[in-house]
Amino acid sequence: MRFTLSWGSRVGLADMTQELHLIADTNIFFECKNLEDLPWQDLDGDPVVILLTKPVLDEIDKHKRSNGRTRDRALKIFTRVRTMIKDEVDEGIIRLASPQVILRLLSNTTPDPTLDGALDYTKNDDRLVGILSTLNSEGGAPVQLLTHDTGPASSAKGFGLPCYLIPDQWLRPPQQTKDQKAISELKEELDKYKTQEPKITGTVMGPQKNTFSITRQRETPLTATQIDAALKALEAKHPMRINFDVTPPKKKGHFSGRIDEISFGAPSQEEVETYQESSYPKWLGACRRVMEGMHEQGSVHSERISVKIKLRNEGTRPALNAYVDFRCEGGCLIYRPSQDEDAQEADTSNTVGAVQHLTTRLPLPPEAPKFTQSVKTVLEAPAKTGGALKGIDIATLGIGNAAMKHLDALGTNQRQLEQAINPFGSSSMLSAIDKLGSFNQVLKMGSNSSSPSRLYDFHTIEPIASMVSKPHDPEGFYYKHWREGEPLESGGLTCDRWRHHSETEIFELQVIMTGSETVNGVMTCSVHAENLTDPFELKVAFKRRVEERDLQEDLNFLVENC
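Let us look at the structure shown here. Since the model is a prediction, treat every value here as computed from it, not as a measurement.

Notes on the sheet that holds strand β12 (residues 259-265)
Reasoning step 1: Pairing is antiparallel in the open sheet, where three strands are placed in the order β11-β12-β16. Each edge of the open sheet carries a strand with a single partner, namely β11 (250-253) and β16 (372-379). Neighbour-to-neighbour, the strand axes of this sheet turn through a mean angle of 30 degrees, independent of strand direction.
Reasoning step 2: With seven bridges joining them, β12 and β16 adopt antiparallel strand pairing. Paired with Ile 259 across the two strands is Leu 379, which belongs to β16.

This is the structure:
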């Protein structure tokens, strides 16, 4: 029998696939998955023709009478071959397309006589290799040996014959031992039992899912060279005053005609020495100390992470005496904020708080000693004569400058006092004070009387909600071993009866990364119950990476804003 090379087109002339002929070894039928389920498209042939030879047919007949694992497989292929013989056809369809797979009977081909002696034809593996040689020597389409065994494959390669080794992925699972079968049966029974239990499912809410990663910036200390350069820049920006020479007197004329002479007096020698030898050097020293400590107080990191975990009982039974446990390790702690803690402190978007950069400021430079100033009138204003009195020159009233300033201050203070006492704009300060006094008497009524008016004593009143104790809710969750306002390694909540198919429970908590170095922490959320065989467990990872940050830019900012 000869085979010819045939080509077919699936789409067009540019997409040609070659017909592939394979001599099947017995392991393709006994050790692999069902022929219909194998990935024949991996062979890159269409159609794929599986040649069933006499040595394999003999093996099939032998195994269909055994009691081993291959008996069912042998009976299945035997029934297929028997049907083909009965219908007087040489081919049967395994797969219709993509690719098409054909099983073809080839029981009359004999082994190559030229290899007799080199091969032992009393052995089925050698007979297969001999038949492979016969088919490839006839000049038809190339035929490959399809086997998983290394014996016939190496023999075929030794004679230069093509061979395709069956991938391990084609094999079916190994046969179970008696113990393994017993374990499988017990698992099936356990699975049936578990279907009558609570079934807890859970996920982490937010885009981070099960991993939270942050980066901490650690400031590198400034070098002596950087600090010295910054101090020089400060001295150039705020130089120490050296010259305290007195400026000559100057005259100042007024519109009224009066002329004043302004003279200046130099600060004392003691004031100048204190400024130059003490205040100014101390200021530079204070600036140096701030710069030297910038790496310790530079940035404030908010690394308290808000986490929301969504849990639900999807089973067929309520979870009895349930306990939801949260446990941290690897540089992390859980945190339950106290009730009076600012709600905005927690990050409710499942993200890490923003980094606030330097709030440090350099001390301001000392002021140089001031010159004294005196004013002397050297020419009085000419007196006004005739006409109606249109105004009074305040200079003629004999009131000194200091007195005028004092009067202005009194007027300002009076207006401020009126605003503080009567912010509502009443025309009478006394009326506002009387009203405040009356209201104060109302507040005092509760504390000075034994009557029910005590409810109005703002110092002793308690929220009504705290006076009424709420009944215990068997379906509610209550904190246990979890103190508020204190970072802990573990804590949890209890529920007497967690209903099945109820609404999703959302548990909010915060995780704090401790220390200042790299963190690879894990928080485990586990759910236990009296009627739950295996506890539910969910793990969330918290990672912190530390990177160095140079403070030169912050140093420049401080110098510029000093």
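Quick notes on the side chain of Ser 133
Reasoning step 1: Mapped onto the elements, Ser 133 comes out in helix α4 (residues 124-137).
Reasoning step 2: Among residues more than four places away in sequence, those in contact with Ser 133 are Asp 112, Leu 115 and Leu 161.

With respect to unusual backbone geometry
Reasoning step 1: In this structure, Pro 47 follows Asp 46 across a cis peptide bond, with omega equal to 0 degrees.
Reasoning step 2: When you line up the elements, Pro 47 lands in the loop between α1 (27-30) and β4 (48-53).
Reasoning step 3: Each neighbour pair has its own omega, and for Ser 98 with Pro 99 the value is -10 degrees, a cis peptide bond.
Reasoning step 4: The residue Asp 44 is not glycine, and still its phi comes out positive at about 60 degrees.
Reasoning step 5: Relative to the elements of secondary structure, Asp 44 occurs in the loop between α1 and β4.
Reasoning step 6: The backbone of Glu 88 shows a phi angle near 55 degrees, a positive value even though the residue is not glycine.
Reasoning step 7: When you line up the elements, Glu 88 lands in the loop between α3 (71-86) and β5 (91-95).
Reasoning step 8: Owing to a relative accessible area of 75%, Glu 88 belongs among the exposed residues under this scheme.

A short note on the nonpolar core
Reasoning step 1: The biggest cluster of nonpolar side chains holds 46 residues, and the ones touching the most others in it are Ile 23, Ile 28, Phe 29, Trp 40, Leu 52, Leu 103 and Trp 170.
Reasoning step 2: Ile 305, Cys 495, Phe 507 and Leu 538 belong to the second largest nonpolar core, which has 35 residues in total.

Things to note about the sheet that holds strand β21 (residues 536-549)
Reasoning step 1: Read from one edge to the other, the open sheet built from six strands follows the order β10-β21-β20-β14-β18-β17, with strand pairing classed as mixed. This sheet does not close on itself; its edge strands, each paired only once, are β10 (211-219) and β17 (478-480). Across the sheet, the mean angle separating the axes of adjacent strands is 20 degrees when strand polarity is ignored.

Criteria and thresholds
Residues numbered from 1 in each chain as written. Predicted model: local features only at pLDDT ≥ 70, side-chain atom pairs only at ≥ 80, totals over all residues. Heavy atoms only, no water. Pairing = 2+ DSSP bridges. Helix = DSSP H or I, 4+ residues; strand = E, 2+ residues; numbered from the N terminus. Axes fitted to C-alpha atoms, helices over the stretch in contact; angles between N-to-C directions. Contact = heavy atoms within 4.5 Å. Buried < 20%, exposed > 50% of the residue type's maximum accessible area, 1.4 Å probe, protein only. Core = buried A, V, L, I, M, F, W, Y, C linked by side-chain atoms within 4.5 Å.

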